[in-house]
Amino acid sequence: SGHHLKSCRDVVFSQAGQKLFTVSKDKSIHLLTVEEGRLETRFPKAHGSALNCVLPIDPHVFATGDDNGGLKVWDLRKGDSILEAQQQEEYISAMAVDGNGKILLTASGDGTLGVFNVKRKRFELLSEPQNGDLTSVVLLKRGRKVACGSSEGTIYLFNWDGFGAASDRFALRAESVDCMVPVTDSIVCVGSLDGVIRAVNVLPNRVLGCVGQHLGEPIEQLAVAPGGQLLASCAHDQKVKFWDISALGGMVVDDYRKKKKKGVPLRALSGKAVGSGEDFFADLRDEAEPEAAAGSDSDDSD
């Protein structure tokens, strides 16, 4: 599909999987039918700035964020936006919504987490700014915890009822946390500038090991297939790779932290990329992964 005039920034399936939402630097939103690739709905001048991300909330409602911190929530039945907000100063990098489709969270390049009430069509609050850009936001622990990745390589944790300030932080020995996707209620896969995909357990905070990598190429996006067996990754090497993450679902992490020996490589949690003959872990065995520097582990995990 070549409908957009400029670069396509984000592509997301509708909840039923029959439509594709696409947003672009040309400030437009497109809805395509998946089977035919036909352009079904178009919002040409959706925002005043280039669009950066899109998130379906329910079958009729979706949200979009732009490069200047602007947020809009749209209703397809009305064919227009039902909420507009300009609360954050930098680009909206990622969004997440609770299971009821009520509370929308926006991560921004200004280091803040924005909280919006979709049902009441209003802005609720901003968190205090964290170090670096917030690049991702996911819900964990059955919706009671929110994790945000940052360009500084830190994962910030928030309690669901305490968005004003981070409750905990976990510094990875990664150059950055560019994207993050939940695999279980406690485990996320994290893509970084160094090209390594790490599996990280949240509360207790542990780096479990390496799921895969794109050698030396920044990882752009991660996605988990329905069922949680496969992880897809794409990076600046212009490749999409698929990793078997079925082992992560059964991993149990206890509170006891073993003292890590220096120079021990990051543990490989999957084999080579599915369908590829290459060994992507060869250099990991040569180059040891330093110990992850954790912040204070919280004791409220359950």
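Residues numbered from 1 in each chain as written. Predicted model: local features only at pLDDT ≥ 70, side-chain atom pairs only at ≥ 80, totals over all residues. Heavy atoms only, no water.

Caption draft 1: Region of interest: the packing of aromatic side chains. Evaluated as defined, the whole model comprises 6 aromatic pairs. On the basis of an interplanar angle of 45° and a centroid distance of 4.8 Å, the ring pair of F43 and W74 is categorised as tilted. Of this pair, F43 sits in strand β4 (residues 39-43) while W74 sits in strand β7 (residues 70-75), and the two are 31 residues apart along the sequence. Taking 5.1 Å as the distance between ring centres and 75° as the angle between the ring planes, the aromatic pair formed by W160 and F163 counts as edge-to-face. W160 sits in the partly exposed class, given a relative accessible area of 24%. (Phe/Tyr/Trp six-rings, centres within 6.5 Å; stacked < 30°, edge-to-face > 60°. Helix = DSSP H or I, 4+ residues; strand = E, 2+ residues; numbered from the N terminus. Buried < 20%, exposed > 50% of the residue type's maximum accessible area, 1.4 Å probe, protein only.)

Caption draft 2: Geometry of the UniProt feature "repeat: WD" (unreviewed entry) in the protein chain. Taken from the UniProt record, the annotation "repeat: WD" (unreviewed entry) applies to residues 219-246. In residues 219-246, the share of helix is 0% and the share of strand is 61%. The end C-alpha atoms are 21 Å apart. (UniProt positions renumbered as here; feature names shortened; annotations may be inferred.)

Caption draft 3: Geometry of the pairing of strand β16 (residues 168-171). Of the two faces of β16, the one lined by D168 and F170 is fully buried and the one lined by R169 and A171 carries no buried residue. Across 4 bridges, strand β15 (residues 154-159) lies against β16 in antiparallel orientation. Residue Y156 lies in a different strand from β16, and its bridge partner there is R169. (Pairing = 2+ DSSP bridges.)

Caption draft 4: The arrangement of the sheet that holds β15 in detail. Here we have 4 strands laid out as an open sheet, ordered β13-β14-β15-β16, and antiparallel in their pairing. Each of the sheet's edge strands pairs with one partner strand only, and the pair in question is β13 (134-140) and β16. The average undirected angle you get between the axes of adjacent strands in this sheet is 20°. (Axes fitted to C-alpha atoms, helices over the stretch in contact; angles between N-to-C directions.)

Caption draft 5: Representation of a positive patch on the surface. A cluster of basic side chains, namely K6, K25, R42 and K45, defines a positive patch on the protein surface. Residue R42 is classed as partly exposed on the basis of its relative accessible area of 45%. (Patch = residues over 30% accessible without salt bridge, like charges linked within 9 Å, V, L, I, M, F, W, Y side chains within 5 Å. Areas by Shrake-Rupley, 256 points an atom, 1.4 Å probe, with all protein chains shown as cover. Salt bridge = Lys/Arg side-chain N within 4 Å of Asp/Glu carboxyl O. Lys, Arg positive; Asp, Glu negative; His and termini not counted. Charge placed at Lys NZ, Arg CZ, Asp CG, Glu CD.)

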